Number of protein chains: 2
Amino acid sequence: MGAESRERMFLRSALTEDNRFHSGSETLPWIASRAAASPFSVETVPLASLDGWSFADTTGNLVHRSGKFFRVEGLCVRTNVGPTREWEQPIIDQPEIGILGIVAKRFDGLLYFLMQAKMEPGNIDPVQVTSTVQATRSNYTQVHQGALPRYVEYFLDPGRARPLVDQLQYEQASTFLGKRNRNMVVLVDDDVPVYDDFRWLTLGEVTQLLCVPNLMSMDARTVLSCIPLVDYAEAGHLEGALPAALDLRPDSFQYGLFASMGGGRAVNSDEDVIGWLAGVRCRYELDVQHSGLASLTSWTRDQHSISHEDDRFFSVVGVHVEATSREVSSWDQPLVKSSEKGMIAFLTKRINEVPHFLVQAKVEPGNPDIVLVGPTVQCALGRERLSDCSSWPRYLDTVIQAPAESVRFACVQSEEGGRFYHVENDYRIVELDPDGDNDVPEGYLWVTLRQLNQLLRYGEVNIEARSLLSCLSLR
Amino acid sequence: MGAESRERMFLRSALTEDNRFHSGSETLPWIASRAAASPFSVETVPLASLDGWSFADTTGNLVHRSGKFFRVEGLCVRTNVGPTREWEQPIIDQPEIGILGIVAKRFDGLLYFLMQAKMEPGNIDPVQVTSTVQATRSNYTQVHQGALPRYVEYFLDPGRARPLVDQLQYEQASTFLGKRNRNMVVLVDDDVPVYDDFRWLTLGEVTQLLCVPNLMSMDARTVLSCIPLVDYAEAGHLEGALPAALDLRPDSFQYGLFASMGGGRAVNSDEDVIGWLAGVRCRYELDVQHSGLASLTSWTRDQHSISHEDDRFFSVVGVHVEATSREVSSWDQPLVKSSEKGMIAFLTKRINEVPHFLVQAKVEPGNPDIVLVGPTVQCALGRERLSDCSSWPRYLDTVIQAPAESVRFACVQSEEGGRFYHVENDYRIVELDPDGDNDVPEGYLWVTLRQLNQLLRYGEVNIEARSLLSCLSLR
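Residues numbered from 1 in each chain as written. Chains lettered and ligands numbered in written order. Predicted model: local features only at pLDDT ≥ 70, side-chain atom pairs only at ≥ 80, totals over all residues. Heavy atoms only, no water.

### Some points on the overall build of chain A
Stated precisely, the cut-off is as follows: The helix count covers DSSP runs of H or I at least four residues long, the strand count covers runs of E at least two residues long, and both are numbered beginning at the N terminus. Put simply, the radius of gyration uses C-alpha atoms, and a globule should come to 2.2 Å times the residue count raised to 0.38. To sort residues, take the accessible area from a 1.4 Å probe on protein chains only and compare it with the maximum for the residue type: under 20% means buried, over 50% means exposed, and anything in between is partly exposed.
A count of helices and strands for chain A gives twelve helices and 25 strands. Computed over its C-alpha atoms, the radius of gyration of chain A comes to 22 Å, within 12% of the 23 Å expected for a compact globule of 475 residues. In terms of overall dimensions, chain A has a C-alpha envelope of 65 × 55 × 40 Å along the principal axes. Expressed as a percentage of its 475 residues, the buried residues of chain A come to 62%.

### Comments concerning the interface of chain A and chain B
Note: interface size is frequently given as the accessible area lost on complex formation between the parts. Quick reminder of the rule: Residues are treated as being in contact if the distance between any of their heavy atoms lies within 4.5 Å. Two parts lose some accessible area (1.4 Å probe) when they are put together, and adding that loss for both gives the buried area. Between Lys or Arg on one side and Asp or Glu on the other, a salt bridge is scored when a side-chain nitrogen of the former is within 4 Å of a carboxyl oxygen of the latter. Counted as a polar contact is a pair of N or O atoms within 3.5 Å, where, for protein atoms, one must be capable of donating a hydrogen and the other of accepting one, and residues adjacent in sequence contribute only when both atoms are in side chains.
If you look at the interface, chain A gives 35 residues, while chain B gives 35 residues. Counting the surface lost from both chain A and chain B, the interface buries some 3100 Å², and carbon and sulfur atoms represent 48% of this. Here chain A and chain B share ten salt bridges between them. For Glu271 of chain A, the salt bridge goes to Arg457 of chain B, with nearest N and O atoms at 2.6 Å. Where chain A meets chain B, there are twelve residue pairs in polar contact (both at pLDDT 80 or more).

### Brief notes about unusual backbone geometry
You will see that Asn214 of chain A, though not glycine, has its phi angle at about 55°, which is positive. Checked against the element boundaries, Asn214 of chain A lands in the loop between helix H5 (203-209) and helix H6 (218-225). Even without being a glycine, His422 of chain B presents a positive backbone phi close to 50°. Position of His422 of chain B relative to the elements: it lies in the loop between strand E23 (420-421) and strand E24 (424-432).

### Structural notes on empty space enclosed by the protein
Note the following rule: Site definitions follow a grid-based scheme: protein atoms alone, a 1 Å grid, a 1.4 Å probe that fits but cannot get out for cavities, and for pockets an open set with protein on both sides within 12 Å along at least five of seven lines, plus lining residues having an atom within 4 Å of a point. Grid points are joined across faces, edges and corners, and a volume is the space filled by probe spheres set on the points. Residue type decides the class: Asp, Glu, Lys and Arg count as charged, Ala, Val, Leu, Ile, Met, Phe, Trp, Tyr, Cys and Pro as nonpolar, and the leftover types, Gly among them, as polar.
On inspection of all chains with the given rule, the structure shows seven cavities of 30 Å³ or more. In this structure, the largest cavity encloses a volume near 470 Å³. Forming the walls of the largest cavity are 29 residues, and the residues nearest its centre are Leu224, Ile227, Leu229, Leu469 and Leu472 of chain B. Of the residues assigned to the lining of the largest cavity, the class counts are 18 nonpolar, seven polar and four charged. Lining the second largest cavity, in full, are Ser225, Cys226, Ile227, Pro228, Leu229, Val230, Tyr232, Asn453, Leu456 and Arg457 of chain A together with Glu271 of chain B. Among the residues forming the lining of the second largest cavity, the class breakdown is seven nonpolar, two polar and two charged.

### Structural notes on the packing of aromatic side chains
Here is the rule: Each pair of aromatic rings taken from Phe, Tyr and Trp, with Trp reduced to its six-membered ring, is defined by centres within 6.5 Å and is described as stacked if the planes are under 30 degrees apart, edge-to-face if over 60, and tilted in the remaining cases. We call a charge positioned above a ring when the Lys NZ or Arg CZ atom is no farther than 6 Å from the ring centre and deviates by at most 35 degrees from the ring normal.
For the coordinates displayed, the defined rule picks out 27 aromatic pairs over all chains. With a centroid separation of 5.3 Å and an interplanar angle of 70°, the aromatic rings of Tyr395 of chain A and Tyr444 of chain A are classed as edge-to-face. Here the residue Tyr395 of chain A occupies a position in the loop between strand E21 (377-378) and helix H10 (396-400), and Tyr444 of chain A occupies one in strand E25 (residues 444-448), the gap between them amounting to 49 residues. Overall, Tyr395 of chain A belongs to the buried group, its relative accessible area being 16%. By relative accessible area, which is 12% here, Tyr444 of chain A ends up buried. Look at Tyr151 of chain B and Tyr154 of chain B: their rings are 6.4 Å apart centre to centre, the planes differ by 25°, and that puts the pair in the stacked class. Comparing Tyr151 of chain B with Tyr154 of chain B, the two get one shared label, buried. Against the face of Phe107 of chain B rests Lys105 of chain B, its NZ or CZ located 5.5 Å from the ring centre.

### Examining the packing of helix H9 (residues 270-283) of chain B against helix H11 (residues 449-457) of chain B
Describing two packed helices takes the angle between their axes plus the distance from one axis to the other. All names here are of chain B. So the rule is basically this: Orientation is described by lines fitted to C-alpha atoms, with helices fitted over the stretch in contact, and by angles between N-to-C directions that extend from 0 to 180 degrees. Angles below 35 degrees are treated as roughly parallel, those above 145 as roughly antiparallel, those between 65 and 115 as roughly perpendicular, and all remaining angles as oblique. Put simply, a crossing is left-handed when the front helix is turned counterclockwise from the back one by less than a right angle, and right-handed when it is turned clockwise.
The geometry of H9 relative to H11 is characterised by a closest axis approach of 11 Å and an angle of 50° between their N-to-C directions. Considered as vectors, H9 and H11 are oriented oblique to each other. Crossing handedness for the pair H9 and H11: right-handed. Of the residues in H11, those in contact with Asp270, Val273 and Leu277 of H9 are Arg450, Gln451 and Leu455. Here the residues of the contact of H9 with H11 are counted per class, giving three nonpolar, one polar and two charged.

### Overview of the environment of Glu26 of chain A
Inspection of the secondary structure assignment puts Glu26 of chain A in the loop between helix H1 (6-14) and helix H2 (27-37). The class for Glu26 of chain A is partly exposed, based on a relative accessible area of 36%.

### Details of the relation of the copies chain A and chain B
Defined as follows: Least-squares superposition of the copies uses the C-alpha atoms of those residues scoring a pLDDT of at least 70 in each of them.
When chain A is fitted onto chain B, the two copies agree to an RMSD of 0.0 Å after a turn of 180° and an axial shift of 0.0 Å. With respect to symmetry, the two chain copies, as superposed, fit the operation of a two-fold axis. When the interface residues of chain A are mapped onto chain B, 100% of them again fall at the interface, so both copies present the same face.

### Things to note about the packing of helix H8 (residues 253-261) of chain B against H11 of chain B
Residues and elements named next belong to chain B. Close contact between H8 and H11 brings their axes to 7 Å; oriented N to C, the two are set at 60°. Between H8 and H11, the angle is such that the two are oblique. Counted together, Leu257, Ser260 and Met261 of H8 and Leu449, Arg450 and Asn453 of H11 form the full contact between these two elements. Grouping the constituent residues of the contact of H8 with H11 by class yields three nonpolar, two polar and one charged.

### What about the nonpolar core?
Our working rule: Buried Ala, Val, Leu, Ile, Met, Phe, Trp, Tyr and Cys residues that are joined via side-chain atoms within 4.5 Å together make up what is termed a nonpolar core.
Membership of the largest hydrophobic core comes to 170 residues, with the highest contact counts inside it found for Phe10 and Val185 of chain A together with Phe10 and Val185 of chain B. The contacts of Phe10 of chain A, once residues within four sequence positions are left out, are Leu111, Phe113, Leu164, Val165, Val185, Leu203, Ile227, Pro228 and Leu229 of chain A.

### Considerations on the pattern of salt bridges
By the definition in use, this model includes 46 salt bridges over all chains. Linking Glu442 of chain A and Arg283 of chain A is a salt bridge whose minimum nitrogen-to-oxygen distance equals 3.1 Å. Of this pair, Glu442 of chain A sits in the loop between strand E24 (424-432) and E25 while Arg283 of chain A sits in helix H9 (residues 270-283), placing them 159 residues apart in sequence. On the basis of relative accessibility, which here comes to 41%, the residue Arg283 of chain A falls in the partly exposed class. The salt bridge involving Arg281 of chain B is made with Glu460 of chain B; its shortest N-O contact spans 2.7 Å. Taken together, the residues span a long stretch of sequence, with Arg281 of chain B in helix H9 and Glu460 of chain B in the loop between H11 and helix H12 (463-469) at a distance of 179 residues. By relative accessible area, Arg281 of chain B is classed as buried at 8%. Glu460 of chain B gets classed as buried once you look at its relative accessible area, which sits at 12%. Look at the salt bridges and you will find they share partners, linking Arg180 of chain A together with Arg281, Asp369 and Glu460 of chain B into a network.

### Overview of H2 of chain A
Residues and elements named next belong to chain A. Basically, it comes down to this: Note that the arc is defined by the directions from the helix axis to the C-beta atoms.
Among the residues of H2, those classed as buried are Thr27, Trp30, Ile31 and Arg34. Down the axis of H2, the buried side of the element spans an arc of 100°, and every buried residue falls inside it. The inward-facing, buried residues of H2 abut strand E7 (110-119), strand E8 (127-130), strand E12 (198-201) and H5.

### Quick word on the side chain of Gln454 of chain B
One can find Gln454 of chain B in helix H11. Within the local environment of Gln454 of chain B, its side chain forms a polar contact with the side chain of Arg457 of chain B, the two groups lying 2.9 Å apart. Among residues more than four places away in sequence, those in contact with Gln454 of chain B are Gln454 and Tyr458 of chain A together with Tyr232 of chain B.

### Observations regarding the state of the cysteines
Residue and element names in this part refer to chain A. The following threshold applies: The disulfide criterion is simple: two cysteine sulfur atoms within 2.5 Å.
One pass over the full model with this rule turns up zero disulfides over all chains. Cys471 takes part in no disulfide bond, and the closest cysteine sulfur to it belongs to Cys411, at a distance of 6.9 Å. In this structure Cys471 comes out as buried when scored by relative accessible area, which is 5%.

### Here's the deal with the environment of Leu286 of chain B
Residues and elements named next belong to chain B. Examined against the element boundaries, Leu286 turns out to sit in strand E13 (residues 286-291). Distance from Leu286 to Thr79, taken between C-alpha atoms, is 4.6 Å for residues 207 residues apart in sequence. With sequence-adjacent residues up to four places away left out, Leu286 is seen in contact with Val77, Arg78, Thr79, Val363, Glu364, Pro365 and Ile370.

### Things to note about the environment of Val185 of chain B
All names here are of chain B. Structurally, the position occupied by Val185 is in strand E11 (residues 180-187). Overall, the relative accessible area of 0% leaves Val185 in the buried class. In this structure, the C-alpha to C-alpha distance between Val185 and Thr132, residues 53 residues apart in sequence, is 9.4 Å. Those residues in contact with Val185 that sit more than four places away from it in its chain are Phe10, Ile102, Ala104, Phe113, Arg162, Pro163, Leu164, Val165, Val223 and Ile227.

### Structural notes on the confidence of the model for chain A
Interpretation of the predicted coordinates at a detailed level should be avoided for regions scoring low in pLDDT. Note the following rule: pLDDT is a residue-level measure of predictor confidence that goes from 0 to 100.
In the predicted model, chain A carries a mean pLDDT of 90, and 92% of its residues have values of at least 70. Interface predicted TM-score (ipTM) for the complex: 0.93; the corresponding pTM is 0.94.

Spelled out as structure tokens, the structure:
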């Protein structure tokens, strides 16, 4: 790997928005051209007519005839946290670990990422920018009986590439049961063929694309969130050193973010953060009983969809897909459809002059260990925003009513189009006045970006928070 | 907490072997006196005669009539790792999180730990030194209908003490199904009553007691292993600074250990360590099927015990206990008895002049996520040491044949006497010649002490490795 550390390689790429291959203004037209080049149609169809899918006789679960891919079953959930303590819901069971991988390569010493223009049936605009590879185990073990996903060999064969990032991370725990993917970035030294739907981008260019609504896929965002820009083993040395290289104003939000990665002056120590998680996992209860879809009393299951009796939360619908650029040219599948746009937001605040993020211990039925660390506000897949604001989730009003000058990031991002149908969330990062008090209610904690990144690499941060973190720019 | 960080408080206490209350030479006589003061008898009795315990009708599982405490059930295990790929075994199911807690208090600014002389039925010498509190949830919610454990209020009531350490850590995954305890150290500012079986010790004194065979309980050892001596948020600043205060020779093992906590120069980066764990969790398979004890074909279950047909691994036996110093004065219970003394060992080696520890990805049936990080050698609860040495676990010969001058620690420690009957393990830390090559087989990795401690605080290190780490002394 030469003398430069991986963190420095990533950081230099993150600070580079020029591309030796194409100008940045060509990226969006290229994506449009890829959409035009690969006609693609998605039609909503009744669940009952999905080829290969059916409701199992006894359980009523929605299953594929191969027994593979995923299945939709039922859960009865009880907890002692939050306004709703007991509910039923459908959940996706897909107990295999997929690969979300980005191929990286140095050109003249600068790191580029091989990003893909890819269609997914649930995308709002048909084509998004995604990782080099997004493969379920079924994909790369060829249950589809289609072609092996392009570039997957760099992730499966240790001789072909050197892993720079390799972390197991959880998916949406509101709709997936303990589902994880292997989030990887691998460094390739050999020549890499660049197929039509692929293009080399710097990390800085990728970060710019995160400001375009619904363009960067959830799969790409979760991998990007795992990329370390700082070596924490050396973190104590950083403060004051690198921010100068960034040419940032010392009072800027980005300067503070970078300095906070250097450690120190966190309002809660690392031990406090770990103790906070231990404490909520002891106090919070989560009892998840599996049951057949047929036995859920508050959900209806008919020819067309699986939906809640009050049309709340989400529904499961069917689509028929015709494509030319996928492993398989046509297929049917169920997708999760939300009943409204969600909100995923971090409140941040300078405490001791260091930016802190307000995290919550988020209880969700698919969590393997009761809670994961979530963003300040997470009301995806609900209708909380529509209801009377007195019943809004905590801090939602603060985010929505924030003055424009305190909004550090705002963009609409959508969920993974291979499982979710047109599901959008407002992403916001809002900075609070440093003079307010730092008290937070049970289940919330102020952490620095370094602490949040440490939790993330050990698999303790949920996908909603990771995805929002991927949108943080150092510029 | 004043200006001194918790890590500095712990470190100063770890470097202090003088006690304002008693001289160090009084500790062992005090323990003997506590044993004499509280008569205690343990009698092995047939399982069938255990009061309150019985084999359930359909499953054959060993259960308590209250449905609480724990139960012994059966597992059928399959994996794709190691010499044995498929086996049956009994396992203890105790799905509640207990508290292992030490009360700490400053006297003239120096931190003392309130250690307990406690009898457990499975102890070899009846009394061991243990944490201030070791309470199952049944204990402190009073299923026993006995007295509330002393001092437990400091751990349950957040107003009484400030947590310095609070981590969820797993127990023996060879015999417990996903069992965790909350490992805590709390700082109390109020006056603390000191009852007969309790005594204030510095961390340095406690560490000295770890060199006495079978004296420090497993429960104490796991809590001690969680104590941070270095603030990793500042770790980059440490190297060269603190070791001088330790007055150590720069070429000593302890100096290297301390310097290695300051980060840098690890042969594998932090990302590599996380990627190694992600990789083995994708490649290694562990399928655990629950079954009744009655359906295990290779285990016999009779009036006296549950044991393997070849007398291997372990057995489950019954004891009748008469005590005067416990919450309940007499009781019956099952205990796990090993068929031989085990070995728990780390190989260490200076690589780039920094001490590294050789860890293994240890597959065990009670692990929640296939593997946890284990010591180099872990053959507890087996009879691998007795068999033909060609079938010994890897590196066992290196440990056993190590010349005396390379042994950094050697002592016999025993497992928790509340669940294990006279189960002893040889604990060894052996330093290898730095000139040998650093290649290791699949499933093993060299990590620094800083990296190992980071894995530990995030719950990724098994109890055998943690317990051995607690024996590391900075002197």
